[in-house]
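# Residue-level structural notes
Letter by letter, the chains look like this.
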2 protein chains.
Amino acid sequence: MALQVRLGSRMSSLVSMASVSKSLIFFLLSTLSILPTYTHPLDPLTPTEFTKIQSIVHNSYPKSNHSIAFHYVGLEEPTKTAILSWLEGTATRTPPRQAFIIARINQITHEIIADLSVRNIVSDRVYGGYGYPLLTFEEQGTANALPFKYTPFLESIRKRGLKVEEVVCTSFAIGWYGEKRRSKRVVRVLCNYLDGTVNLYMRPIEGITVTVDLEEMKILGFKDRSTVPMPKADGTDYRESSQKPPFGSPLKGISMHQSDGPSFTIDGHAIRWANWDFHLSFDARAGPVISLASIFDLQKQKFRKVLYQGFLSEVFVPYMDLNEEWYYRVFFDAGEYGYGLCAVPLEPLRDCPENAVFMDAYVADHNGTPVNMPNIFCIFERYAGDVMWRHTEAAIPGKVIREVRPEVTLVVRMVSTVGNYDYVNDWEFKQSGSIKVTVGLTGLLEVRGSMYTHKDQIKEEAYGTLLAENTLGANHDHFFTYHLDLDVDGDANSFVRSQLLMTPVTDHRSPRRSYWRVVSETAKTESDARIKLGVAQEDLLVINPNKRTNIGNFIGYRLIPGSVAAPLLSDDDYAQIRGAFTKYNLWITPYNKSEKWAGGLYVDQSRGDDTLARWSLRNREIENKDIVLWYTLGFHHVPYQEDFPVMTTLSSGFELRPANFFESNPVLKVRPPQPDNWSNCSRA
Amino acid sequence: MALQVRLGSRMSSLVSMASVSKSLIFFLLSTLSILPTYTHPLDPLTPTEFTKIQSIVHNSYPKSNHSIAFHYVGLEEPTKTAILSWLEGTATRTPPRQAFIIARINQITHEIIADLSVRNIVSDRVYGGYGYPLLTFEEQGTANALPFKYTPFLESIRKRGLKVEEVVCTSFAIGWYGEKRRSKRVVRVLCNYLDGTVNLYMRPIEGITVTVDLEEMKILGFKDRSTVPMPKADGTDYRESSQKPPFGSPLKGISMHQSDGPSFTIDGHAIRWANWDFHLSFDARAGPVISLASIFDLQKQKFRKVLYQGFLSEVFVPYMDLNEEWYYRVFFDAGEYGYGLCAVPLEPLRDCPENAVFMDAYVADHNGTPVNMPNIFCIFERYAGDVMWRHTEAAIPGKVIREVRPEVTLVVRMVSTVGNYDYVNDWEFKQSGSIKVTVGLTGLLEVRGSMYTHKDQIKEEAYGTLLAENTLGANHDHFFTYHLDLDVDGDANSFVRSQLLMTPVTDHRSPRRSYWRVVSETAKTESDARIKLGVAQEDLLVINPNKRTNIGNFIGYRLIPGSVAAPLLSDDDYAQIRGAFTKYNLWITPYNKSEKWAGGLYVDQSRGDDTLARWSLRNREIENKDIVLWYTLGFHHVPYQEDFPVMTTLSSGFELRPANFFESNPVLKVRPPQPDNWSNCSRA
């Protein structure tokens, strides 16, 4: 039975379906063992568990006299020590199965830990600091509907000659701009227009701001400041069905084909492929979580640890438009909206190739009721026609030797659509021992409606590019900050910067005047390892200072960075205070279970007092310890007309590559895959 | 009839096969129209034409009383004006068909232009400056054989306990280190060892230097300076047939499948695919040459120019090892060895996927006789499972919209193996209008034999990493300098740097304290456009200042750089003087037909007096002119044990992406390819 509780628009179906009937359905199914159950302590919460958690919380806070909203429900992971003991088989007891819940109960933020074995709340802390939890879909949906019952808004719509039934509104977090007084939990609701297109983002209704109190669920403020012409609908619709000739000639069919099926095995959430073994989980805030990635060393005949856990910790997207309805467009896509909550079902054959396997995910809705998200992950072997290694030897008289191995990798993909932007997230595993993480940015731009119809009319700062008549594409940035808890062959690691330094040759016997050499420094405390990339020429390594190869090199993994961007906001700018974790592209911290979210636990209206940048100020020791890499991939985006009305995917990624981890190249012993041979084929 | 004149080892077969019989064969075949003929003025020289050129030169310089060696034979392209008129159909006459030959005749360097229509030399200039032409395979092969008849060398081999029949020698250009006197045309011959492996590069015979005079073809100098232990053979062989268990489990078959064949058409050397149209040629020095790349604009219903010509101009590979046998290992793979001459046949299903089509190339040997190089190019449509663009819209109440388009691109690939290194060169065309150029570095490292068997023994600078016992992987760089003659919708272009500048907000009405804005500057002269990447945050554009989109943006193309590396040699270091074109990652020059080779026309023993850096000193105007981009992709390579005994491919690339070239996103109208549907398939 397909549990399609997330049909159609998330907003409407979630608000409308009764929680009770869903809980009942899940209960029945779990007893029938149709629903997933957990087998690994890092498995994501199952529907049954979400339901248990819901009732555990309701037991303590009955709905009859409490207003409760579940803003975050996720796995409260066992300690790293417990996990590692469990893995090694030395644990004296099974790690506890617990959930971490952030709930607003009677308008107070509670941090609750619920234990699923004893079916009880084991910790319940009220949070009184700055900032609020993730916005839920339901409250955004309800807030977005409010303007339609608000006379001044309807008047403003009518005044602009627009049809109210073609208006669509979305919620925006308000951030913080130095106000001393704590603000209520509010959003700004801004609206767009359809009427001949589905591309509402290309048709913003400028000048109207509606501020909604999410607790009272009523309009707190309304402003209609100005009017600009509405960009036209023509040319903005991106649906295949809406396109008119002429068309490009369609390409012939092409597929990634595996006649004998894939080489990977999936056992619950444990994935094994080639020499890799790892666990794939899902979190409402982070999206994909890769844990316990280890690689089989043929020479040592055992699995060796590489990455204890890797996930996207925050996505910081500040816009550079200072207009009144734009200055606060500074998004934290994980902490404000939930990168996992915003994950979207993948389309077979288009989002993922023919040979892909799909995996569902589950989240809790605002009532704590489990919701199935189908086809959230796809897993596939990728053959892009690339060469893993090759050599042609022509120097040996009388013979030509040629050895070539094609590159086949494993990709785990999840797409998160946060409003207008679609982010394609790939975790790619290579037989060489590399892990490559790529983000592809696509979807739709945020544009500002404008009076301009030609660039020559623009005499002042427009904060972006004119993309079409009345359409300004706003300048903005994307920063993706990853939490990378590498455990290189064990958890006691160090961080080494190997700088390449130009060195003059003073020995007059040599005809050379200079060369470069490597000068390596091990970071002792956190301040040694805050790095802005692109300045020095260096290799960045996480090594295990207690383990060396047979010939004495410290074993390690190297970070090969991708797109480098440094923030271009001043350090004292409020957005940059909240996003201070982007000041450096790389930070190292000692492992600390509570340090997960680079922007802080509470990001909505945060004041930057709980960011990675703050933790780092403690300047803790990071040498020969369990350390964590925080790496930020950044993009500055100046829009171009090619970004209108949709954006072609712009990708970048980083790589974690073995560096003296192996005695020699592990791919030497990798046999090429069998070719895919076919005969007697006819087209369907 | 397969004209396999390049069987087995290049050296032996070329030296041994008689020129006369080959010329006769080619003549017969051309009359039978079996051999390729040219149809496009930029087509590479055909075998018939090579033969004609050979006889044209011999007419003027009879072999009976002249020693002649052909060091370079390539197309002398018609002027750009002639090509463009021919393209537009306005040419009053067919562009001339000419060849440019660099020949050493009686030990003097001649630059000859031969006209193939009138069958005559039309220009013959003696070159008396510094530097020598490309080394030929034949002379290297002959030089490499000399030590085996030289008693001191044989004694040195015996002294080391090595078997002379297992020794393989290769030739190294000597460069220039400030000597005032011009040196003879020599190479240093250095030798390696087999004896239990084919991986000669992992078994260098250190300490012996043989200097060979290429003109006299005799040993000029010999030195046996020192002995170090020979690294062992065990563990170095990379042949599949030589590997011993244990092995990784083989992956299941996977293929890139196109049941209806490819979508591209190849007409001689003209390739058309999707919205792209371009010409692919081959040059002995540059390898692939992409010309006349233009893209069909659906909206304007016509082809528009993008890239007049792009090719790899030089590959600079300086090593950082100062030992006596190593300090001069500073390679210019195009100018000294011929990146095209070093191209190797591609292996089907491994170098290129199942759906690839192959294309041969032809070069002239040292006698001017044409040689067939089979399967030098492969051309294939690539589907890597990537997403070209997508969007899921969930904000519209009552509906969820999802549109996804998979990314299919066209790849033209050529591999060049220059001694130990294999370079995989991809020119990739995207329907979005982007051209992406990637280099993959693989093959074998150059290692220095050493007494060290453990890192702890190393007390002084070793110039690299200990990779195995007695095996030091030397630090080195690779710089790939591309000549990119973009003609964005016409040849009068300008270069614009759009810098992203942090800007304080002085308007106290705004809650923001800063933002970034774009400040664009058009380069007026060459000195405005010498750029070290990674310093400023900027968009780099080639625009057409005479053409704007409908809404007024200047049309352009943007360079998105790949791996950034700056040289770490001092400017006055001889290697860096010769490689001064790498000082900046980006240069702009006004188009000048003679400015092709960034390191100068004569690179062997060059003194840096004819490099891109020198031309640029003229500080010519580059605004609203026909300009050329020179872009350098760089890699610093600190070896790791994973690079032993073979290197896994390390790739990087750059992209030329449309920037306000189109009115809107051209991929909006791209229909997804038909899926590849199969039924009734059985394995072969």
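Since the model is a prediction, treat every value here as computed from it, not as a measurement.

## So, the overall build of chain A
When you go through chain A residue by residue, the secondary structure sums to 9 helices and 31 strands. Rg of the C-alpha trace for chain A: 27 Å, near the compact-globule value of 26 Å for 684 residues, within the 12% margin. Considering only C-alpha atoms, chain A reaches an extent of 85 × 70 × 65 Å along its principal axes. Long-range pairs, those at least 24 residues apart, make up 68% of the contacts in chain A with a sequence separation of at least 6. Here chain A has roughly 23500 Å² of accessible surface; of this, 51% comes from carbon and sulfur atoms. Within chain A, the 78 negative side-chain charges are centred at a point lying 2 Å from the centre of the 73 positive side-chain charges.

## Quick notes on the confidence of the model for chain A
All names here are of chain A. For chain A, per-residue confidence averages 93 on the pLDDT scale, and residues scoring 70 or more make up 94% of the total. Contacts from residues 1–20, a stretch scored under 50 in pLDDT, to residues over four places away or in other chains number 46 contacts. In the predicted assembly, ipTM is 0.94 and pTM is 0.94.

## So, the UniProt feature "domain: Copper amine oxidase N3-terminal" (unreviewed entry) in chain A
Those residues carrying the UniProt feature "domain: Copper amine oxidase N3-terminal" (unreviewed entry) are residues 133–228 of chain A in this numbering. For residues 133–228 of chain A, the helix share is 19%, the strand share is 29%, and the end-to-end C-alpha distance is 35 Å.

## Notes on the UniProt feature "domain: Copper amine oxidase N2-terminal" (unreviewed entry) in chain A
The sites that carry the UniProt feature "domain: Copper amine oxidase N2-terminal" (unreviewed entry) are, in the present numbering, residues 40–125 of chain A. With 27% helix and 36% strand, the stretch residues 40–125 of chain A has end C-alpha atoms that lie 28 Å from each other.

## Here we look at the interface of chain B and chain A
Taken residue by residue, the interface counts 184 residues in chain B and 184 residues in chain A. Roughly 16400 Å² of surface becomes buried between chain B and chain A when both sides are summed, with 55% attributable to carbon and sulfur atoms. If you look at where chain B meets chain A, you find 15 salt bridges. Put simply, B:D386 and A:R382 hold a salt bridge, and the shortest N to O gap is 3.1 Å. Our enumeration of links across chain B and chain A arrives at 94 residue pairs in polar contact (both at pLDDT 80 or more). Of the residues forming the side of chain B that touches chain A, the biggest block, 14 residues, is contributed by strand β17 (residues 370–393) of chain B. Of the residues in the side of chain B that touches chain A, the class split is 87 nonpolar, 54 polar and 43 charged. Where strand β9 (residues 255–257) of chain A and strand β9 (residues 255–257) of chain B come together, 3 bridges link them in antiparallel fashion. Residue pairing across strands places A:S255 opposite B:H257, the latter belonging to β9(B).

## Observations concerning the nonpolar core
By size, the foremost hydrophobic cluster in this structure holds 342 residues, and its most contacted members are A:F480, A:F495, B:F480 and B:F495. When residues no more than four places from it in sequence are discounted, the contact partners of B:F495 are B:E521, B:T522, B:A523, B:A529, B:I531, B:L540, B:L541, B:V542, B:L586, B:I588, B:I627 and B:L629.

So, how was this worked out
- Residues numbered from 1 in each chain as written.
- Chains lettered and ligands numbered in written order.
- Predicted model: local features only at pLDDT ≥ 70, side-chain atom pairs only at ≥ 80, totals over all residues.
- Heavy atoms only, no water.
- Helix = DSSP H or I, 4+ residues; strand = E, 2+ residues; numbered from the N terminus.
- Rg over C-alpha atoms; globule rule 2.2 N^0.38 Å.
- Contact = heavy atoms within 4.5 Å.
- Areas by Shrake-Rupley, 256 points an atom, 1.4 Å probe, with all protein chains shown as cover.
- Lys, Arg positive; Asp, Glu negative; His and termini not counted.
- Charge placed at Lys NZ, Arg CZ, Asp CG, Glu CD.
- pLDDT = per-residue confidence, 0-100.
- UniProt positions renumbered as here; feature names shortened; annotations may be inferred.
- Buried area = accessible area lost by both parts, 1.4 Å probe.
- Salt bridge = Lys/Arg side-chain N within 4 Å of Asp/Glu carboxyl O.
- Polar contact = N/O pair within 3.5 Å; in protein donor to acceptor, adjacent residues only side chain to side chain.
- Nonpolar A, V, L, I, M, F, W, Y, C, P; charged D, E, K, R; others polar.
- Pairing = 2+ DSSP bridges.
- Core = buried A, V, L, I, M, F, W, Y, C linked by side-chain atoms within 4.5 Å.
- Buried < 20%, exposed > 50% of the residue type's maximum accessible area, 1.4 Å probe, protein only.

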